[in-house]
Amino acid sequence: EKKCINTKLSAVRFGNVLGSSGSVFPKFKKQIINGGPITLTHPDVTRYFMTISEAAQLVVNAGLMSNRGEIFLLDMGEPFKIKDLINRMVELSGLSIQDEKNPDGDIKIDIIGLRAGEKLYEELLLGENPTKTKNSKIFIANDPYIEWSELEKYLLELETFLKNENILEILKLLEKLVSGFKSDRKISDYIFLNNQKEN
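Residues numbered from 1 in each chain as written. Predicted model: local features only at pLDDT ≥ 70, side-chain atom pairs only at ≥ 80, totals over all residues. Heavy atoms only, no water.

Colleague: How would you explain helix α4 (residues 148-163) if you had to name every residue and give the values?
Modeller: Helical periodicity: at 3.6 residues per turn, an α-helix aligns residues three or four positions apart in one direction. Under the 1.5 Å per step criterion, the end-to-end length of α4 is 22 Å for 16 residues, consistent within 8% with the ideal 22 Å. Along α4, the residues that are buried comprise Tyr-154, Leu-158 and Phe-161. Here the buried residues of α4 occupy an arc of 55° about the axis, which is enough to place them on one side. Exposed residues lying more than 90 degrees from the buried face of α4 are Trp-148, Ser-149, Lys-153, Leu-156 and Lys-163. On its buried face, α4 sits against α5 (167-177). Two residues or fewer past α4, Glu-165 is found with a positive phi of approximately 50°. (Helix = DSSP H or I, 4+ residues; strand = E, 2+ residues; numbered from the N terminus. Expected span 1.5 Å × (residues − 1). Buried < 20%, exposed > 50% of the residue type's maximum accessible area, 1.4 Å probe, protein only. Arc of directions from axis to C-beta. Contact = heavy atoms within 4.5 Å.)

Colleague: Describe the pattern of salt bridges, and please don't skip the residues or the numbers.
Modeller: Side-chain pairs of opposite charge can arise where the charged atoms are in close proximity. In this structure the tally under the stated criterion is four salt bridges. Notably, a salt bridge pairs Arg-88 with Glu-91, separated by 2.8 Å at the nearest N-O pair. With Arg-88 and Glu-91 both in helix α3 (residues 82-92) and three residues apart, the pair spans about one turn of that helix. A relative accessible area of 45% places Arg-88 in the partly exposed class. Note on Glu-91: relative accessible area 51%, which makes it exposed. Across the pair Glu-169 and Lys-172 runs a salt bridge whose closest N-O atoms are separated by 3.3 Å. Of this pair, Glu-169 and Lys-172 are both found in helix α5, three residues apart, which corresponds to roughly one turn of the helix. (Salt bridge = Lys/Arg side-chain N within 4 Å of Asp/Glu carboxyl O.)

Colleague: Can you break down the pairing of strand β6 (residues 71-74) residue by residue, with the values?
Modeller: Pairing of strand β1 (residues 11-13) with β6, which is carried by three bridges, proceeds in the parallel orientation. Among the inter-strand pairings, Ala-11 is bridged to a residue of β6, identified as Ile-71. For β6 and strand β11 (residues 138-140), the ladder comprises three bridges, and the chain directions are antiparallel. Across the sheet, the residue bridging to Phe-72 is Ile-140, located in β11. (Pairing = 2+ DSSP bridges.)

Colleague: Give a description of the sheet that holds strand β10 (residues 131-132) that names residues and reports values.
Modeller: The four strands lie next to each other as β1-β6-β11-β10, forming an open sheet whose pairing is mixed. Edge positions in the sheet fall to β1 and β10, since each of these pairs with one other strand and no more.

Colleague: Tell me about the environment of Val-60, residues and numbers included.
Modeller: Position of Val-60 relative to the elements: it lies in helix α2 (residues 52-65). C-alpha separation for the pair Val-60 and Val-12, spaced 48 residues apart in sequence, amounts to 9.9 Å.

Colleague: Give a detailed account of the sheet that holds strand β9 (residues 107-111), specifying residues and quantitative values.
Modeller: In a beta sheet, neighbouring strands are held together by backbone hydrogen bonds and run either parallel or antiparallel to one another. With parallel pairing, the three strands of this open sheet are ordered in space as β3-β9-β8. Each edge of the sheet is formed by a strand with only one pairing partner; in this case those strands are β3 (38-40) and β8 (97-98). Set on the sheet, helix α1 (residues 24-33) makes contact with β3 and β9; between it and β3 the angle comes to about 140°. Strand contacts of α3: β3, β8 and β9, with the helix running at about 165° to β3, the strand carrying the most contacts. (Axes fitted to C-alpha atoms, helices over the stretch in contact; angles between N-to-C directions.)

Colleague: How would you sum up the pairing of β9? Please name residues and give values.
Modeller: Note: β3 against β9, three bridges, orientation parallel. Each residue of the ladder has a partner; that of Ile-38, found in β9, is Ile-109. As paired elements, β8 and β9 share two bridges and run parallel to each other. Its bridge partner lying in β9, Ile-97 is registered against Ile-107.

Rendered as structure tokens:
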């Protein structure tokens, strides 16, 4: 006799966690130790940050509130400029930034430009009017929802486009399905473009 297991799934959205894998913090620390330069995509780029312990505690609390299928949003406080984080890290290392005001500084910042699809400002909320929970730092997103019967048709359509390598139709469909997604319709897949040249 098979037992039915009811699994509850939910998601938690939040910004950057200081010191986690993929965090800019260890990267900047290494660049400072190596004497620079520190690479920054844009002088005005801003992000949200929280500590590992704060993020873990809020994720566990969100899990306890879960009924089924919610998207929880964590209050990350105010975002701040990555450049300010760099300045603080350099200062705490007993060094100074080398720039026009301080040409004899220790560490130079190289502005390397935003990568394709990278945003200047981070947006955490999807949808509008997030619902409050009993924890003032945790909200529930009210996102657009597609019924499975309708989504299944779109997935089959997407599968056909993928088999036929119809990139532009894939992008159009993603724009239709994903709220807020806007494509520049520019194809940057190296393998696809290389295959097109050969054909």
